[in-house]
Amino acid sequence: MTSVPGPVDQPQPAPGAVHTVPVGAADPEAAGPTGWPTPPPGGYPAPEPDRLTRFVLRLYERSPRWAVPLAAVGCVAAGMGYALLSNPTYADPDAAPTCLLKLTTGLDCPGCGGTRALWYVLHGDLPAAARHHFLFVFALPFLAYLFVAWAGNQAFGWRMPELRISSRVIGGFLAAWLAFSVLRNLPWAPFTSLYV
């Protein structure tokens, strides 16, 4: 009768020795008993971050809580300011800057009409905004709430009720946006009314 060596019968490592996995060993456990140190899988150390990454991380760690939401508010304000100053409702279709897809093909892209819709929203004309980009106007209250909840939590620690949006709802919205993008380019009535 043969016996399988137990933990006591197995050879013990010398004090301070580090166990390594032999080259070609598929199972690290095959190289030695459980609990012995083994090298990390793959054998490559994590790369050190470059100077720019280290600078950005240090800046983020040292910045106050409200800095990132303030920067995001600045970006949103810049977009609104551009829409107000450029007045896209009176611009020519090929005026710079223009949509490259519309300039080259004559087709409305999925975002065409968004700047005009924003201009109308900022002037309180929701029907005209919806005429230029219905899905933008539909999504705007949800996006605004998500932004205020995030910024309030980051800057002031506010705990607003979470707006939980499932992946099915997001998928449905993206499918509706795709359908809207196709239907607005069809050359038959009533789809021609969606063309901007």
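About the cut-offs
Residues numbered from 1 in each chain as written. Predicted model: local features only at pLDDT ≥ 70, side-chain atom pairs only at ≥ 80, totals over all residues. Heavy atoms only, no water. Helix = DSSP H or I, 4+ residues; strand = E, 2+ residues; numbered from the N terminus. Buried < 20%, exposed > 50% of the residue type's maximum accessible area, 1.4 Å probe, protein only. Areas by Shrake-Rupley, 256 points an atom, 1.4 Å probe, with all protein chains shown as cover. Contact = heavy atoms within 4.5 Å. pLDDT = per-residue confidence, 0-100. Axes fitted to C-alpha atoms, helices over the stretch in contact; angles between N-to-C directions. Parallel < 35°, antiparallel > 145°, perpendicular 65-115°, else oblique. Left-handed = near helix turned anticlockwise from the far one by under 90°. Nonpolar A, V, L, I, M, F, W, Y, C, P; charged D, E, K, R; others polar. Disulfide = S-S within 2.5 Å. Phe/Tyr/Trp six-rings, centres within 6.5 Å; stacked < 30°, edge-to-face > 60°.

Caption draft 1: View of the overall build of the chain. Broken down by element type, the chain carries seven helices and zero strands. A buried classification covers 16% of the 196 residues belonging to the chain. In the structure as shown, the chain presents an accessible area of about 14800 Å², 68% of it carried by carbon and sulfur atoms.

Caption draft 2: Local environment of the side chain of histidine 133. By the element assignment, histidine 133 lies in the loop between α5 (126–132) and α6 (134–156). On the basis of relative accessibility, which here comes to 4%, the residue histidine 133 falls in the buried class. The contact partners of histidine 133, leaving out residues within four places of it in the chain, are Pro110, Gly111, Cys112, Gly113, Gly114, Ala117, Trp177, Phe180 and Arg184.

Caption draft 3: The confidence of the model for the chain, seen in detail. Confidence along the chain averages 78 in pLDDT terms, with 74% of residues attaining 70 or more. At the low end of the mean pLDDT range in the chain sits helix α3 (residues 100–105), at 79; at the high end sits helix α7 (residues 167–183), at 91.

Caption draft 4: Inspection of the environment of tyrosine 120 at higher detail. Relative to the helices and strands, tyrosine 120 resides in helix α4 (residues 114–122). The buried category is assigned to tyrosine 120, whose relative accessible area is 17%. Counting along the chain gives 32 residues from tyrosine 120 to proline 88, while the straight-line C-alpha distance between them is 9.8 Å. Not counting the four nearest positions on each side in its chain, tyrosine 120 is found in contact with Thr89, Asp125, Ala128, Ala129 and His132.

Caption draft 5: Quick peek at the packing of α4 against α6. Closest axis-to-axis distance for the α4/α6 pair is 9 Å, and the angle between their directions is 55°. In terms of orientation, α4 lies oblique with respect to α6. Crossing of α4 over α6 shows right-handed handedness. Two secondary-structure elements touch here, α4 through Gly114, Ala117, Leu118 and Val121 and α6 through Phe136, Val137 and Leu140. A per-class count over the contact of α4 with α6 returns six nonpolar, one polar and no charged.

Caption draft 6: Broad picture of the state of the cysteines. Applying the stated criterion to the full structure yields zero disulfides. Not engaged in a disulfide, the cysteine cysteine 112 finds its nearest cysteine sulfur in cysteine 109; these two sulfurs lie 3.4 Å apart. Taking the relative accessible area as the measure of exposure, cysteine 112 reaches 6% and is therefore buried.

Caption draft 7: A look at the packing of aromatic side chains. For the structure on display, the rule yields five aromatic pairs. Between phenylalanine 138 and phenylalanine 142, the ring centres sit 5.6 Å apart and the planes meet at 55°, which makes this aromatic pair tilted. You can see phenylalanine 138 and its partner phenylalanine 142 sitting in helix α6, four residues apart, about one turn around the helix. Judged by its relative accessible area of 44%, phenylalanine 138 is partly exposed.

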